[in-house]
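So you can see what is in the structure, the chains are spelled out below.
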Amino acid sequence: MLGKWLVEQIFKEQTEIKNIVAIYPGRFQPMGKHHAQTYKWLKSKFSDAHVVTSNKVDLPKSPFSFNEKKKIIKSYGITNIVQVKNPYKAEELLKKYDPKTTAAVFMVGKKDAQRLGGKFFRPWKGKAEVGYRDGAYTIIAPHVSLKVPGYGEMSGTAIRQSLGAPMADAERASLFKHIFGSMKNYKLITNKLSISENILKFIGMGKVENIIKESTSTLNSGADVDDGPQTFYTSQNHYKKSTKDIAEYFGFEVLNYLSGDSEFLVKKSRRYANTKSPSYFPAGVPGVDTKTNTEDNPSRKAFSKWSADAKAMAKLIGFEFLDFLGAEKSAKGITPSGEVIDEPIKVEENITVPIKVGDTVLGGKFKNKKIVVKSISKNEKGDILINGRPLLKFRLVNEGLLTEGGAYGHMSHPFDDKGLTFGDFKNMINISLQGNLNVEQSATEKTDGQNLFITWNNGLRAARNNGDIKRGGMDAKAYAAKWKGRGNIEKAFVSAFKDLEKAIGKLTEKQRTKIFGDGNNYMNMEIIYPATTNVIYYDAPRIQFHGVLKYDKGAPVGTVNDGARILAGMIKQVDANIQKNFKIIGPHILKLKKHQDFGEKIPYFVGKLNILMSKYNMRDTDSFGKYHQAWWEDFVDKKFGMVDNSIKMGLVKRWAFFDKSFRLDKKNIADEKLLAKAKEFDKIKHADQVKKNMLPFELLFFELGVEVLKNVENFLAASPDKAVQHVKKQVSKAISDVRRGGDLKKLNRLGQQLNKLNKLGGWKAIVPSEGLVFVYKGKTYKLTGAFGPINQIAGMMTF
């Protein structure tokens, strides 16, 4: 009996459930106040309660993305929201918990509870006996009775149908407040539902069917298409580009609604009169064309043909849809989304304003006073106003500017930015592997040349650092003296100055002022000269423009939008881009391809990131700065023991975020031994620990860069194989030099960098480029692949 009792007790102890995770699954398209009340009931029963929902968008039943749903759900004060693939499995949430000691309770309606029966799901009876891998529990959601006038009991369908229906604005606002309990997210929800319902009305007109049957496009005729309110855009070019993109988007929304998961392209057969060919893709017998497949194309070729026709059709349908949305409203000065336009904004070129309420700009007499943006509006003339004053009297605070080398500082790797969230990291992984890093701005090559900054103020001026910029730059004489006697470096810099002086001198004063602003703006550029090759070998000498910064008293305060491309275009227009020594070019736009194994690589990299996140229970919404802080809190605990929390947080602030306001003195740390230990670490070990903290993320993004750069097909190096061989020779020589030298510090550094290179794939990771530059949420980042460790190794070479 005693033995049996002991076995039972041991078994009981091993299977004891310590945690219960309550889960509210659903589509929430969108979440109404009845959903929110139901969640609050669940939260009152279980302290650890979460809303889980997917990112599936499928018009018209599921018009909201996860981020849009999250914004709506948070407006009810609910913060525990997790994106999952399947809400009724919630694997993305549950994997953070121990499966043996954690039970899962799913809150569902009565109908869902019946469907989720069987051996795995069991009714909740107040006690958990199995971990979530062995089974789960269902608890019936309380019925919250709320009516939608004219549509019966409140539900996602009733909400979508009621708010998407035609009615007066005041009536819609009143109905919205009844459904959601407030006016939060009013525009987001009503605009989205209005578009969904309008798709149904548009399809009912019969135009879509005719377009698909005809499968023809007027978009290639060369004629201007006038299917939208031109006054919403700042120029003809802006209007054409924007409306084409919008038309294609809406066209695909309409076609996706009609076709579901099926192909929608229908073409007339070349051989069988009116017989339709539903697909370009082979079917039945490989290598044989049939009545249903008149062109037996391999998959890639077939997809390219299908995609080209699909996009043309989508644009045509999209323009028809935009016309349907905006034809009547255009005459009244209303955009398709319902915003009133009092008067067209009259400007001479396409200008975007990267400012929103809550941002900080520089204003005042000298444009150095920080002002928080409280309102953005327009006056009767159509001028844009910030806090009631004209926009042009403000300057942007330097944030997200292209800042590479010399006077510009240091361009960030994604893992250098503590403000990014882990959700941002995952999105970067996704879009980079799918070849979509050019969403906000074209991805450009990061070249490995000699950095220089130039301006024009009664002649060309050059700068290498902030001091030069504060002094107004160097003229030709001072600049030549700086490089005198330095061999090929002198030839590169001095001849580049002469070529630039001649090329920019051919422009009009108005053109030079547009870019350089009478010497206040500086072009960031690179001199690529084969004789002064760094790591990457380039076949021909080039001067490459990167971007233009506006300066005030030596500090960058803004940018000249698209300045590098515009200046290169001006110079080419006057036939001055080919000079005696250099060819002058703008940013080199890269052709990014989708990774051939992106379906495997995305979960591979996201999985690595999830492992790092799990160490400190980070969520997608948490910033990298929060991880950084958690790492340092853990480090202080391990290094210095359980110290007083105020001391701990002061040390973390000092070492994690370089805030020296917490002084290392007796006032803050009374314990003399602890104070001495902290001072010693502050002096010696701090930088090493920062590197250890960052290393896993550094390796992850270097490895990601390797995979992305493998799929670029147009690097600037004219002989890619030759450039790669040059890199290998440099690395091999550096390794030999360091080993022969016997310097222990260098040998240690070499070992660290070789270890990094090996983890990235060794020789296979080398590409003929330093990397690429891309813009994400308005900020500029770089992906460099294996270049980082290669550059470090090559820098150890003895000359």
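These notes cover the structure that comes with them.

Here is what the cut-offs are and how they apply
Residues numbered from 1 in each chain as written. Predicted model: local features only at pLDDT ≥ 70, side-chain atom pairs only at ≥ 80, totals over all residues. Heavy atoms only, no water. Helix = DSSP H or I, 4+ residues; strand = E, 2+ residues; numbered from the N terminus. Buried < 20%, exposed > 50% of the residue type's maximum accessible area, 1.4 Å probe, protein only. Contact = heavy atoms within 4.5 Å. Axes fitted to C-alpha atoms, helices over the stretch in contact; angles between N-to-C directions. Parallel < 35°, antiparallel > 145°, perpendicular 65-115°, else oblique. Left-handed = near helix turned anticlockwise from the far one by under 90°. Nonpolar A, V, L, I, M, F, W, Y, C, P; charged D, E, K, R; others polar. Pairing = 2+ DSSP bridges. 1 Å grid on protein atoms, 1.4 Å probe; cavity = no way out; pocket = protein on both sides within 12 Å on 5 of 7 lines; lining within 4 Å. Points joined across faces, edges and corners; volume = space filled by probe spheres on them. Patch = residues over 30% accessible without salt bridge, like charges linked within 9 Å, V, L, I, M, F, W, Y side chains within 5 Å. Areas by Shrake-Rupley, 256 points an atom, 1.4 Å probe, with all protein chains shown as cover. Salt bridge = Lys/Arg side-chain N within 4 Å of Asp/Glu carboxyl O. Lys, Arg positive; Asp, Glu negative; His and termini not counted. Charge placed at Lys NZ, Arg CZ, Asp CG, Glu CD.

**Things to note about the overall build of the protein**
For step 1, the next point in the chain: Of the regular secondary structure elements, the protein holds 25 helices and 25 strands.
For step 2, the next point in the chain: Residues counted as buried form 46% of the 799 residues belonging to the protein.
For step 3, the next point in the chain: Taking as baseline every contact in the protein between residues at least 6 positions apart, the subset at least 24 positions apart corresponds to 67%.

**A few points about the packing of helix α24 (residues 744-759) against helix α25 (residues 787-794)**
For step 1, the next point in the chain: One can describe the packing of α24 onto α25 by two numbers: an axis separation of 9 Å at closest approach and a directional angle of 150 degrees. Our classification of the angle between α24 and α25 gives roughly antiparallel. The two elements α24 and α25 cross, and the hand of that crossing is left-handed. Note on element contacts: α25 touches α24 through Pro789, Ile790, Gln792 and Ile793, opposite Arg749, Leu750, Gln753, Leu754, Lys756 and Leu757.
For step 2, the next point in the chain: Looking at the contact of α24 with α25, its residues break down into six nonpolar, two polar and two charged.

**Details of the sheet that holds strand β6 (residues 136-140)**
For step 1, the next point in the chain: Ordered by their spatial adjacency, six strands build an open sheet running β3-β2-β1-β4-β6-β5, and the pairing between neighbours is parallel. A single partner strand is all that each edge strand has here, and the edge strands are β3 (81-83) and β5 (121-123). Neighbour-to-neighbour, the strand axes of the sheet open up by a mean angle of 35 degrees, direction not taken into account.
For step 2, the next point in the chain: Pairing analysis gives three bridges linking strand β2 (residues 49-53) to β3, with the strands arranged parallel.

**Description of empty space enclosed by the protein**
For step 1, the next point in the chain: The final tally for this structure, using the stated rule, is two cavities of 30 Å³ or more.
For step 2, the next point in the chain: Counted as a void, the largest cavity has a volume near 60 Å³.
For step 3, the next point in the chain: Together, Ile536, Leu709, Val727, Ala765, Ile766, Val767, Ser769, Thr784, Ala786, Phe787 and Ile790 line the largest cavity.
For step 4, the next point in the chain: When grouped by side-chain class, the residues that make up the lining of the largest cavity number nine nonpolar, two polar and no charged.
For step 5, the next point in the chain: Here the second largest cavity is characterised by a volume of approximately 50 Å³.
For step 6, the next point in the chain: Asp448, Gly449, Gln450, Ile527, Ile528, Tyr529, Pro530, Thr532, Thr533, Asn534, Ile536 and Tyr538 are the residues that line the second largest cavity.
For step 7, the next point in the chain: In the lining of the second largest cavity, the residues fall into six nonpolar, five polar and one charged.

**Regarding unusual backbone geometry**
For step 1, the next point in the chain: Cis peptide bonds are those with omega within 30 degrees of zero, and the linkage from glutamine 29 to proline 30 qualifies with -5 degrees.
For step 2, the next point in the chain: If you trace the backbone, proline 30 turns up in the loop between β1 (19-25) and α2 (33-45).

**Some words on a positive patch on the surface**
For step 1, the next point in the chain: A surface patch of like charges, here positive, comprises Lys498, Lys502, Lys506 and Lys580.
For step 2, the next point in the chain: Of note, lysine 498 is situated in helix α15 (residues 488-505).
For step 3, the next point in the chain: Exposure remark for lysine 498: the relative accessible area of 55% places this residue in the exposed category.

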